[in-house]
Amino acid sequence: MVSGLAHPDVVVVGAGIVGAACAEALTAAGLRVLVLDRGPLAAGTTAAGEGNVLVSDKEPGPELALARASRERWPRLLAELDADVEWEEKGGLVVATTPEAVEPLHRFAQAQREVGVDACTLTPAEARALEPHLTPEVTTAVHYVEDAQLNPVLAATTLLAAVRRRGGETRPFVEVSDVDGERKVTGVRTPQGTIPCHAVVNACGPWSGSLTAKAPLPIMPRRGIVLVTAPLPTVVRHKVYDADYVGAVASGDAALQTSGVVESTRAGTVLIGSSRQRVGFTERFEVPVLKALARKAITLFPALAGVPVMRAYGGFRPYAPDHLPVIGEDPRLPGLWHATGHEGAGIGLAAATGLLVADLLTGRTPHVDPEPFRVDRPEVMVA
Amino acid sequence: MRVVVVGAGPAGLAAARAAARQGASTVLVDAEPSAGGQYHRGENVVVPQGVEHLANTTVWAVEGTRLHLRTGPADAPDRVARVLDCDALVLATGAHDRALPFPGWDLPGVVTAGAAQAMAKAHGVAVGRRVVVAGTGPFLLPVADALRKLGVDVVEVLEAGSPLAWAREPAGVFAGRGKLAEIARYRAVLPRYHTRSTVVAAHGENRVTAVTVAKLDRDWRVRPGTERRIEVDAVCTGFGFTPRLELAVAAGCLVDKGFVRVDDRQTTSVPNVYAAGEITGIGGADLARVEGEIAGTCAAGGTPSASLLKTAHRGRVFAAALDRVSSVRPGWRTWPDERTLVCRCEEVDLAALRTAVEEHAALGLRSLKLTCRVGLGLCQGRVCLRNAAELAGIPHDADRVSRRPIAAPLRLGELADTPLTPALEE
Amino acid sequence: MKVTVDGTAVLARPGQTVAAALLAAGRTAWRDTRGAGRPRGLFCGIGVCFDCLVVVNGVPDVRACQRVLADGDDVRTQHGAELPR
């Protein structure tokens, strides 16, 4: 593997889901791509996610447009690659459990419907017909049939396998210390030597802010913790979350926010989130966070109270101050492209992001409007 | 000052005794109904005077020197919660048998040597009537002997390694001469003791009814043509021990070459956290007791005697030699076939593991787990991850493998109701 | 002490674990795996492997080797993954 591509057209830094999707789209466009990661493949934020491909949690705007494009592309891409990555069109169910939460949820869903999202408002009885173990306290719910899920590590490693089949290369355990070039990119520097190239894609997720001091980004880690139950028979059928989740996602507060998010995996475990905290890259677990997650899950599904919790794991979402991904070429260093800042939606947004990077890099007409994600917007150009 | 000791085996008991003797308010926390650990199981062990013994108590989380406990019947949904703060913590959580996968190792009747020992010592129950004991290390003999005393027909005791390796360890032999002499105690099973041999397959439909045993070469590859079939109704297997590191890792202790790093006063890398016994290196009960006494003394602010430190040093010389002599050799990786389960919980076979490595290039533990689900079941990789890493050819970082912030499962309702701080009277 | 195992009355000694009582009663397997439906029983014997799971008084995922029997306990085979009653 060490010999490999001596003169790649593009070096993608970061072998998570976003880097994998970029590399897949770039190799599909005929470019020679080398993917580097300082660790193993798909072992960072991608390995800490639940694999959500959601439209339900996004209000009308550029992120929803990207999410819908991505939701459409994912199954086609997986079919093209003939890949089983546990793709499941399970649908999302957003649930209100108080009378006060009914009106804002209905308004949110109405706005989404106006731009074409399939958001179906349900009575409590209808909601419980979809989710028999759901709390009787439910006051209303919205069903989003488009919400889907996949296994993010399988998805990323499958995309990277396609990259290798097309003559690209994936090189794990190689750390990029800097991007070379003054006026434009000339290569990337690694402990094993400099790799010459004219284009670099920064797909380093929460670590992307400091890939090179020449082009810093204000991307910060926003920590999340997930509880995992013992394998269960089918208890939870959809991705089910509390209506307060959208508010927690949109918040810019560094302090802890938790919201009930519950879903099953194909393996039978139930994943319980979600928490958001800006506490740097700490790996410490705090019992109060675990407790809050447990409480909120039981609020939604009282039947889970007797189920064993066997694991808790944490991860870091790449957080951008204006909650929008950063996708495009960096005007400070032409040839340096960013694909980052997807926060907790990177799995869902990856398919469209990869294609957009390939569109822009090869000069094709972009498949979604790239303007809102551009690198030189004031919220990103802080340095 | 309060010292909390976790684990009531030889190391923990000695630590609690020493801490109490120094005048510390001492609490001994242990998951079993009675003190003694695996080593003294079934014996009537007296808890040292002045020590508060919390039996049937699981530590499910550690935050610094704050412990989150549950007391009650194992895995019951309504155990009593308690949060315990301490000035110094001694971890003496011990080790469990390492099992290596071979075809049929998931059949009922195939158990670890430790399981057979625990059933025999605590309950007088035999795991079978006609048994083969296979593995490596001196622990196989007492297990075989305990079964023999219950009237079990111990057909063969198979040591995969070779005791001739002791010839290269003169310092170890000298330091451990007392331990080595103990082997004479097991003379009743010695005639059935074979070296460079092991069980390479277990047969049966719904339980083990026979095994294939074979001779091994130096690297533990099967020597072709040496296979023999033996009718049995149980197999006891143990290839050394895996330390139980999750609490130490959760407390932030540095792990080095698979064990908690300690200095000669049993101090870990975290202030006020001490470790003793098998989690600092597999050394047996005698060394564990000495380390426990040192740890308990230091945790309570005392100074261990020079002779105690010297005894510990001698014990470690023997333990290091024992580790070299009993090390698992890489040829074991040829024992499982494509359909042998690597992960028993998630039923992941060797073929699935190979696909993850070869097709998905899952060369890190986390990616490997999420690609083929190895190690993601209820045991959380305690049984399989070390083996999976070796089979996949990826580094086995004990501290990453043992990162289990929820150190023991608890029910979601227990977690939802957990107190966050100690009760007022604490 | 009297307990029931899969509906049948079994005598148990105080202090005995579920696994010890089952082995003494001649059982070697008391769980089916949720994937292949394979039988499982005692393996590590010290609470580490979670292979010997049983349902005790309606609560699944109880380690038979760790759980000490109480008089009147209702023990039954665990079939794959189960929800608490």
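Residues numbered from 1 in each chain as written. Chains lettered and ligands numbered in written order. Predicted model: local features only at pLDDT ≥ 70, side-chain atom pairs only at ≥ 80, totals over all residues. Heavy atoms only, no water.

Between chain C and chain B, the contact holds 36 residues from the first and 41 residues from the second. Carbon and sulfur atoms make up 57% of the surface buried where chain C meets chain B, a total of about 3200 Å² over both sides. On the surface where chain C and chain B come into contact, there are three salt bridges. As a salt-bridge pair, Arg34(C) and Glu346(B) come within 3.0 Å of each other at their nearest N and O atoms. Only helix H1 (18-24), strand S4 (39-40) and strand S6 (59-63) of chain C provide two or more residues apiece to the side of chain C that touches chain B. For the side of chain C that touches chain B, the leading source of residues is S6(C), giving five residues. Residues of the side of chain C that touches chain B, tallied by class, amount to 19 nonpolar, nine polar and eight charged. (Contact = heavy atoms within 4.5 Å. Buried area = accessible area lost by both parts, 1.4 Å probe. Salt bridge = Lys/Arg side-chain N within 4 Å of Asp/Glu carboxyl O. Helix = DSSP H or I, 4+ residues; strand = E, 2+ residues; numbered from the N terminus. Nonpolar A, V, L, I, M, F, W, Y, C, P; charged D, E, K, R; others polar.)

A few words now on the interface of chain B and chain A. Taken together, the contact between chain B and chain A spans 33 residues of the former and 42 residues of the latter. When the area that chain B buries against chain A is broken down by residue, the three leading residues are His360(B), Arg366(B) and Leu412(B), summing to 20%. The interface formed by chain B and chain A contains two salt bridges. Where chain B packs against chain A, one counts 16 residue pairs in polar contact (both at pLDDT 80 or more). Going through the elements one at a time, strand S4 (57-63), helix H10 (365-372), strand S23 (410-411) and helix H13 (412-416) of chain B are the ones with two or more residues in the side of chain B that touches chain A. A breakdown of the residues in the side of chain B that touches chain A according to their chemical character gives 15 nonpolar, nine polar and nine charged. By the bridge criterion, two bridges tie strand S17 (residues 308-319) of chain A to S23(B) in an arrangement that is antiparallel. Bridged to Val309(A) within S23(B) is Leu410(B). (Polar contact = N/O pair within 3.5 Å; in protein donor to acceptor, adjacent residues only side chain to side chain. Pairing = 2+ DSSP bridges.)

This next bit is on the environment of Val328(B). Residue and element names in this part refer to chain B. Relative to the helices and strands, Val328 resides in the loop between helix H8 (306-325) and strand S21 (341-343). Assessed through its relative accessible area of 23%, Val328 is described here as partly exposed. Linking Val328 and Asp219, residues 109 residues apart in sequence, is a C-alpha distance of 8.7 Å. Discounting chain neighbours no more than four positions away, the residues touching Val328 are Arg98, Leu100, Trp220 and Phe239. (Buried < 20%, exposed > 50% of the residue type's maximum accessible area, 1.4 Å probe, protein only.)

The next thing to look at is the sheet that holds strand S2 (residues 33-36) of chain A. All names here are of chain A. In spatial order, the strands read S8-S2-S1-S12-S19-S18; together these six strands make up an open sheet with mixed pairing. If you trace the sheet from one side to the other, it starts and ends with strand S8 (169-171) and strand S18 (326-329), each paired once. Averaged over all pairs of adjacent strands, the angle between strand axes in this sheet comes to 20°, irrespective of strand direction. Pairing analysis gives three bridges linking S2 to S8, with the strands arranged parallel. Opposite Leu34, over in S8, you have Glu169 as the bridge partner. (Axes fitted to C-alpha atoms, helices over the stretch in contact; angles between N-to-C directions.)

Once that is clear, we can look at the packing of aromatic side chains. The final tally for this structure, using the stated rule, is 10 aromatic pairs over all chains. An angle of 5° between the planes, with centres 6.1 Å apart, marks the rings of Trp220(B) and Trp335(B) as stacked. Placement of the pair is Trp220(B) in the loop between strand S14 (210-215) and strand S15 (228-231) and Trp335(B) in the loop between H8 and S21, with a sequence separation of 115 residues. By relative accessible area, Trp220(B) is classed as buried at 2%. Relative accessible area serves as the criterion here: at 5%, Trp335(B) is assigned to the buried category. Across from the ring centre of Phe285(A), 4.9 Å away, lies the NZ or CZ of Arg223(A), which sits over that ring. (Phe/Tyr/Trp six-rings, centres within 6.5 Å; stacked < 30°, edge-to-face > 60°. Lys NZ or Arg CZ within 6 Å of the ring centre and 35° of its normal.)

Further remarks concern the domain arrangement of chain B. Residues and elements named next belong to chain B. Its domain assignment divides chain B into domain 1 (2-96 + 242-304), domain 2 (99-239) and domain 3 (336-401). A C-alpha centroid distance of 26 Å is found between domain 2 and domain 3. With seven residues of domain 2 at the interface, the matching set in domain 3 holds eight residues. Buried surface at the junction of domain 2 and domain 3, both sides included, amounts to about 690 Å², of which 58% is carbon and sulfur. For the interface between domain 2 and domain 3, the tally reads zero salt bridges. Our enumeration of links across domain 2 and domain 3 arrives at three residue pairs in polar contact (both at pLDDT 80 or more). Across the side of domain 2 that touches domain 3, the residue classes tally to six nonpolar, no polar and one charged. (Domains from an automatic or database assignment.)

What follows concerns the pairing of strand S5 (residues 66-71) of chain B. Residues and elements named next belong to chain B. Note that S4 and S5 share six bridges and pair antiparallel. Residue pairing for S5: Ala61 is matched across the bridge by His68. Connecting S4 to the antiparallel partner S5 that follows it, the hairpin turn spans two residues, and Gly64 within it adopts a positive phi of roughly 60°. Where S5 and strand S6 (residues 80-85) come together, six bridges link them in antiparallel fashion. Bridge pairing in S6 places Arg70 opposite Ala81.

A separate point is the packing of helix H1 (residues 17-28) of chain A against helix H6 (residues 152-165) of chain A. Residue and element names in this part refer to chain A. H6 packs onto H1 with a crossing angle of 30° between their chain directions and a minimal axis gap of 8 Å. The angle between the axes of H1 and H6 places the two elements in the roughly parallel class. At the point where H1 passes H6, the crossing takes the left-handed sense. On H6, the residues that touch Ile17, Ala20, Ala21, Ala23, Glu24 and Thr27 of H1 are Pro152, Ala155, Ala156, Leu159, Leu160 and Val163. Residue classes in the contact of H1 with H6 are distributed as 10 nonpolar, one polar and one charged. (Parallel < 35°, antiparallel > 145°, perpendicular 65-115°, else oblique. Left-handed = near helix turned anticlockwise from the far one by under 90°.)

Okay, the pattern of salt bridges next. Enumeration according to the criterion identifies 50 salt bridges over all chains in this entry. For Glu72(A), the salt bridge is made with Arg76(A), and the minimal N-O distance between the two is 3.8 Å. Separated by four residues within a single helix, Glu72(A) and Arg76(A) lie in helix H3 (residues 62-80), roughly one turn from each other. Across the pair Glu283(A) and Arg403(B) runs a salt bridge whose closest N-O atoms are separated by 3.2 Å.

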